[in-house]
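Chain by chain, the residues:
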Amino acid sequence: MTDGRAAGGGGARSAEVALDSSVPPRPGEPGESGEPGGSPRRSRMRRGRPAGRGGRGPVTAVAFGPGRVNLVGEHTDYNDGLCLPFAIELGVTVRARPSLDGLMRVHAVDIGAHDVFPTPVPPRVEGWRSFARGVVALLTAAGYSIHPARLAITGTLPRGAGLSSSAALEVALALALLAHSGHGEPDRRQLAGLLSRVENEWVGARTGLLDQTASLFGRPGHALCLDVRALGAAPAPGQAPSGTAAAAGAEPAATGIEPVRLDLGRWRLVTVDSGVRHAIAASGYNTRRAECARACELLGIGSLRDADEDAPGRLPEPLGRRVRHVLTENERVRLAVAALRAGDLPELGRVLDASHASLRDLYDVSVPEVEATVARVRALGAAGARMVGGGFGGSVLALFPPGRRLPAEAMRVAPGGPGRLLPR
């Protein structure tokens, strides 16, 4: 979502919509100050005082949603494919307090932006405000009565860097609102599906389940091999929730989530910002998804997971290239898992390089700035590098052997825990 800095300092892949104050309210809707047509009261917000009535009140819930890095498996999630992400320690935090006037009040602390809307049926808007509104609307539609709250959002993810601040924000919002409203935690696979719908139906980014699942099921020291087809068969309402074991990543492979030990020894994984921000809902991301759907229609299959190796040759371009990327990217996930289990980090680097080449040449989602960043980290001795996120900008993930000098702006990334409630 939110791009990182606004939602707590950072950005998002799933739908990296910049959390800024550039999106005006629609006629008749509250401005950022909480008053119709009002202008932002930035000095007031920067001092941390809430806009609106009702006093501060006690904090009722604090929730953290982590960002994620996807080792390999890009643009495969909405094709029922395989992915290999891990949650990271950077993310988004949401603090909830009671709202005494019956309105939902959202304060993006890091950028001094504010939104006010009624529950349980918020009006639709564009931009970062669609995230909280979508989470409230879909939780309500799922049968959870959401109490009015004043929500303060902060974060530590870099903006628009392909680290999925959108999913981090959605996870933090959902967990905070559920706890604030007195509800126990739902099954996390079901929750991932619901939050993916926030992206699809409220934000306008037709993303899959990768980001929300990684954020909800992160496990320290591990990547998660996701089989999105299996994930799509979420438990029916009323079945036992995943509970603490699921939150810790202890899900059996049959559910589509298989922890894979990410032991790098003295090797280092880093992200390097290309300098190009991207907003997935406004990029070519949705076009790529539409192309995959058209390929399925022409092939007479329900998902590219069912395509055979000869399928690309039966399609016009660029559809053939899109399908070829998906098929080979699924295989690269399998190769990466095998490399990690064998401790073969040079092979993991080769898989990263191959993934980037496919995203560039077959999926056409790179930009010159990303290519320059990949070339720079390779020149510094990276064993492999590729773009991360939906493409069209964002960050480059690079794997460095011991003894190599990292770029000055490199950010080391390591697998962290799942989205969770924090002490108040």
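Here the residue numbers are simple positions, counted from 1 along each chain's written sequence. The predicted nature of this model means local features are confined to residues of pLDDT at least 70 and side-chain atom pairs, given and counted, to a pLDDT of 80 or more, with totals for whole chains, interfaces and linings taken over all residues. For the side-chain quantities, the full set of heavy atoms in the structure was used; hydrogens and water were omitted.

**Q** So what's going on with the pairing of strand E13 (residues 395-400)? Residues and values would help.
**A** For a regular strand, the rule is simple: side chains alternate between the two faces of the sheet. Of all 6 residues in E13, 6 are buried; the element is thus mostly enclosed. Neither face of E13 is open: one carries Ser395, Leu397 and Leu399, the other Val396, Ala398 and Phe400, and all of them are buried. One ladder, built from 6 bridges, connects strand E11 (residues 268-273) with E13; its direction is antiparallel. Directly across from Leu269, in E13, lies its bridge partner Leu399. A pair of strands is treated as paired once DSSP finds two or more bridges between them. Secondary structure elements are defined from DSSP: runs of H or I of at least 4 residues count as helices, runs of E of at least 2 residues count as strands, and each element is numbered from the N terminus. As defined by bridge partners, strand E12 (residues 384-387) adjoins E13 across 4 bridges and the pair is classed as antiparallel. Looking at the pairing, Gly384 lines up with Leu399 of E13. Only protein chains enter the accessibility calculation, which uses a 1.4 Å probe. A residue is then buried if its area is under 20% of the maximum for its type, exposed if over 50%, and partly exposed in between.

**Q** Explain the packing of helix H10 (residues 345-361) against helix H11 (residues 368-379) residue by residue, including any values.
**A** Working convention: axes come from line fits to C-alpha atoms, limited for helices to the stretch in contact. Angles between N-to-C directions cover 0 to 180 degrees. With their axes 12 Å apart at the nearest point, H10 and H11 run at an angle of 160 degrees to one another. Taken together, the axis directions place H10 and H11 in an arrangement best described as roughly antiparallel. The interaxial crossing formed by H10 with H11 has left-handed handedness. Contacts between H10 and H11 involve Asp353, His356 and Arg360 on the former and, on the latter, Val370, Glu371, Val374 and Arg378. For the contact of H10 with H11, the per-class residue count stands at 2 nonpolar, 1 polar and 4 charged. In these notes the angle categories are as follows: under 35 degrees is roughly parallel, over 145 is roughly antiparallel, 65 to 115 is roughly perpendicular, and the rest is oblique. Left-handed describes a crossing whose near helix is turned anticlockwise from the far helix through less than a right angle; right-handed describes the clockwise counterpart. Here, residues are in contact when the closest pair of their heavy atoms is within 4.5 Å. Asp, Glu, Lys and Arg are counted as charged, while Ala, Val, Leu, Ile, Met, Phe, Trp, Tyr, Cys and Pro are counted as nonpolar; the rest, among them Gly, fall into the polar class.

**Q** Requested: an account of the environment of Tyr78, with residues and values cited.
**A** On the secondary structure map, Tyr78 appears in the loop between strand E3 (61-70) and strand E4 (82-83). The contact partners of Tyr78, leaving out residues within four places of it in the chain, are Arg206, Gly208, Tyr285, Arg288, Arg289, Cys292 and Tyr363.

**Q** Can you break down the side chain of Arg97 residue by residue, with the values?
**A** Its location among the elements puts Arg97 in strand E5 (residues 85-98). Note that His is not counted, nor are the chain ends; the positive residues are Lys and Arg, and the negative ones are Asp and Glu. What makes a salt bridge here is a side-chain nitrogen of Lys or Arg within 4 Å of a carboxyl oxygen of Asp or Glu, nothing more. It turns out Arg97 is buried and unbridged, and the closest side chain with the opposite charge, Asp101, is 14 Å from it. Among the polar contacts made by the side chain of Arg97, one reaches the main-chain carbonyl oxygen of Gly57 at a distance of 2.5 Å. In protein, a polar contact means a hydrogen-donor-capable atom and an acceptor-capable atom, both N or O and within 3.5 Å, with residues adjacent in sequence counting only if both atoms are side-chain atoms; elsewhere, any N or O pair within 3.5 Å suffices.

**Q** Any details on the pattern of salt bridges? Residues and values, ideally.
**A** The final tally for this structure, using the stated rule, is 24 salt bridges. Residue Glu329 is joined to Arg332 by a salt bridge in which the shortest nitrogen-to-oxygen separation is 2.7 Å. Within this pair, Glu329 and its partner Arg332 are both found in helix H9 (residues 319-342), separated by 3 residues, close to a single helical turn. Accessibility assignment for this pair places Glu329 and Arg332 in one class, buried.

**Q** I'd like a description of the packing of helix H3 (residues 165-180) against helix H5 (residues 210-217), backed by residues and values.
**A** Helix-helix packing is characterised by the crossing angle of the two axes and by the distance between the axes. At a closest axis distance of 9 Å, the pairing of H3 and H5 adopts a crossing angle of 55 degrees. In terms of orientation, H3 lies oblique with respect to H5. Helix-helix and strand crossings are classified by hand; for H3 and H5 the assignment is right-handed. Together, Ala167, Ala168, Glu170 and Val171 of H3 and Asp211, Gln212, Ser215 and Leu216 of H5 make up the contact between the two elements. Of the residues belonging to the contact of H3 with H5, the class tally is 4 nonpolar, 2 polar and 2 charged.

**Q** Could you give an account of the sheet that holds E4, with specific residues and numbers?
**A** In spatial order, the strands read E4-E9-E10; together these 3 strands make up an open sheet with antiparallel pairing. The outermost strands of the open sheet, each flanked by one partner alone, are E4 and strand E10 (257-261). When E4 meets strand E9 (residues 222-227), the two strands line up antiparallel, connected through 2 bridges. Looking across to E9, one finds that Leu82 is bridged to Asp227. Seen against the sheet, H5 touches E4, E9 and E10 and runs at an angle of roughly 140 degrees to E9.

**Q** Mind laying out the packing of aromatic side chains, listing which residues take part and the relevant values?
**A** When the centres of two rings from Phe, Tyr and Trp lie within 6.5 Å, Trp using its six-membered ring, the rings pair. Their planes under 30 degrees apart give stacked, over 60 give edge-to-face, and anything left gives tilted. Counting across every chain of the model gives 1 aromatic pair. With a centroid separation of 5.6 Å and 70 degrees between ring planes, the pair formed by Tyr78 and Tyr285 is classed as edge-to-face. Taken together, the residues Tyr78 in the loop between E3 and E4 and Tyr285 in helix H8 (residues 285-299) connect sequence positions 207 residues apart. Tyr78 gets classed as buried once you look at its relative accessible area, which sits at 10%. On the basis of relative accessible area, Tyr285 is assigned to the buried category, the value being 0%. The ring of Trp202 has Arg124 lying over it, and the distance from NZ or CZ to the ring centre is 4.1 Å. Over the ring of Tyr363 we find Arg322, and its NZ or CZ is 5.9 Å from the ring centre. The rule is short: NZ of Lys or CZ of Arg within 6 Å of the ring centre and within 35 degrees of the ring normal puts a charge over the ring.

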